[in-house]
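# Structural characterization, general
If you want the building blocks of each chain, they are given just below.
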Amino acid sequence: MAISYKDSGVDVEKGYEAVKLMKQHVKSTYTQGVLGDIGSFGGFFKMPDGMKEPVLVAGTDGVGTKLKYAIISGKHDTIGIDAVAMCVNDIVCQGAKPLFFLDYFATGSLSPEKVATVVSGIAEGCRQSGAALIGGETAEMPGFYPEGDYDIAGFAVGAVDRSKIINGSGIKEGDVLIGLKSSGIHSNGYSLVRKLFGEDISVLEKFDSELGAKPIDVLLTPTRIYVKSILSLIEKVHIKGIAHITGGGFIENIPRIFPEGIGCEIVKNSYEVPAVFRVMQKRAGISDSQIYNTFNMGIGMVVCVAESDVKATVSQLESTGEQCFVIGKTVKGSGVKLV
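Cut-offs applied
Residues numbered from 1 in each chain as written. Predicted model: local features only at pLDDT ≥ 70, side-chain atom pairs only at ≥ 80, totals over all residues. Heavy atoms only, no water. Pairing = 2+ DSSP bridges. Helix = DSSP H or I, 4+ residues; strand = E, 2+ residues; numbered from the N terminus. Axes fitted to C-alpha atoms, helices over the stretch in contact; angles between N-to-C directions. Contact = heavy atoms within 4.5 Å. Buried < 20%, exposed > 50% of the residue type's maximum accessible area, 1.4 Å probe, protein only. 1 Å grid on protein atoms, 1.4 Å probe; cavity = no way out; pocket = protein on both sides within 12 Å on 5 of 7 lines; lining within 4 Å. Points joined across faces, edges and corners; volume = space filled by probe spheres on them. Nonpolar A, V, L, I, M, F, W, Y, C, P; charged D, E, K, R; others polar. Expected span 1.5 Å × (residues − 1).

### A look at the sheet that holds strand β7 (residues 176-181)
Within the open sheet, the six strands sit side by side as β8-β10-β7-β11-β9-β12. Their pairing is mixed. Of all the strands in the sheet, just β8 (241-244) and β12 (336-338) have a single pairing partner and so form its edges. Neighbour-to-neighbour, the strand axes of this sheet turn through a mean angle of 25°, independent of strand direction. Two strands pair when backbone bridges link them, and β7 and strand β11 (residues 324-332) are joined in this way by five bridges, in the antiparallel orientation. Along β11, the bridge assignment pairs Leu-177 with Gly-328. Together, β8 and β10 (299-305) form the strand contacts of helix α3 (residues 79-92), whose direction differs from that of β8 by roughly 165°.

The structure is reproduced here in structure tokens:
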């Protein structure tokens, strides 16, 4: 008896259907740089004009175990935003404008409707960041993932003129750190989040009063994409360094932009920490240094500027819809001191 590919658990017809359903979302992200159409073996993109010495900046990431909450709630339309955000927020830290994005979706048994819904979120993230979704991979892997589970990851490429690369090399003692408000937990620390809140919708509902909102909505709030605000900012103000606050929180990420011999002081009460972080800290019974080394604590991006540029920076960020706070300053030394 013949055994077909479908008999082994892979239905190529579902794959074709998934591509058909996602086409409209993909095309909605196309920019002037896109050459060709979905269906080629490779995606084509024209380098932007106007740069004397263009440098490509690339980043790749996933959304970690935040996916569990999308899966148990059946809400798949925003997790793709997270996948884009984690990549484009990284590359804009170097001053790079995102050009294009590619995604990877893997599952045990393909549901064309589900993958199309996930891709709709990816497309939304691309539109928010100005990146074109020019390709990707949908992998059906029977027996590898539990029923209903899937994983997504992404890869973004941007460009910046070499003379305009932001790398933190000019940061010195007395510079000011300005934090941009996050939309919530973003996409890091979810292994601890799941340990603290569990993965049962009925149990999650018990946290309504503590969180001040429906828990599953809090846990699935997509990562804020800062690209357009940051690109507008660097056209108006001299930005010395930018840190994306991801895994490792304040403690690991902020010092990554400092030159040797520079550290910083962060004033904890310089802004209001969102309730979800205080609830998690209480439930976990961990110190400030531990939680600030795990989560973004309400600050998704940090920019470093000279003291003389603080007012202009805050004004420009607020004009693009960001909420921001002066959260600290640079000092001689190393690392992050919470005060």
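That was the structure; now back to the text.
### Some remarks on the side chain of Ser-129
With respect to the secondary-structure elements, Ser-129 resides in helix α4 (residues 112-129). For Ser-129, a relative accessible area of 1% puts it in the buried group. If sequence neighbours within four positions are ignored, Ser-129 has contacts with Val-84, Val-88, Pro-98, Ile-225, Val-227 and Lys-228.

### Quick word on the environment of Val-227
Note that Val-227 resides in helix α9 (residues 227-236). For Val-227 and Gly-130, which are 97 residues apart along the polypeptide, the C-alpha to C-alpha distance reads 8.2 Å. In this structure Val-227 touches Val-88, Asn-89, Val-92, Pro-98 and Ser-129, once residues within four positions along its chain are discounted.

### With respect to the layout of surface pockets
Empty space among the atoms becomes visible once a probe the size of a water molecule is rolled across them. Considering only enclosed or pocket space, the second largest pocket measures out at about 510 Å³ in volume. Around the second largest pocket, the lining comprises 25 residues; the ones closest to its centre are Gly-95, Val-160, Lys-164, Ile-234 and Glu-235. Sorting the residues of the lining of the second largest pocket by element identifies β6 (150-161) and α9 as the ones contributing at least two each.

### Focus on empty space enclosed by the protein
Applying the stated rule across the entire model yields two cavities of 30 Å³ or more. Computed from the structure, the second largest cavity encloses a volume of approximately 30 Å³. What lines the second largest cavity is simply Ile-201, Leu-204, Glu-205, Lys-214, Pro-215 and Ile-216. Every element with two or more residues in the lining of the second largest cavity is listed here: α6 (201-204) and α8 (215-220). Residues belonging to the lining of the second largest cavity are distributed by class as follows: four nonpolar, no polar and two charged.

### Quick word on the sheet that holds strand β4 (residues 97-107)
One open sheet accounts for four strands, arranged β3-β6-β4-β5; its pairing is mixed. For this open sheet the edge positions go to β3 (54-62) and β5 (132-140), each flanked by a neighbour on one side alone. Neighbour-to-neighbour, the strand axes of the sheet open up by a mean angle of 15°, direction not taken into account. Looking at chain direction, β3 and β6 are connected through nine bridges and run antiparallel. Residue pairing for β6: Val-57 is matched across the bridge by Gly-158. Strands β4, β5 and β6 of the sheet are contacted by α4, whose axis makes an angle of about 165° with β4.

### Let's talk about α4
With 18 residues, α4 extends 26 Å from end C-alpha to end C-alpha; this agrees with the ideal 26 Å at 1.5 Å per step. Immediately downstream of α4, the backbone of Gly-130 shows phi near 80°, a positive value.

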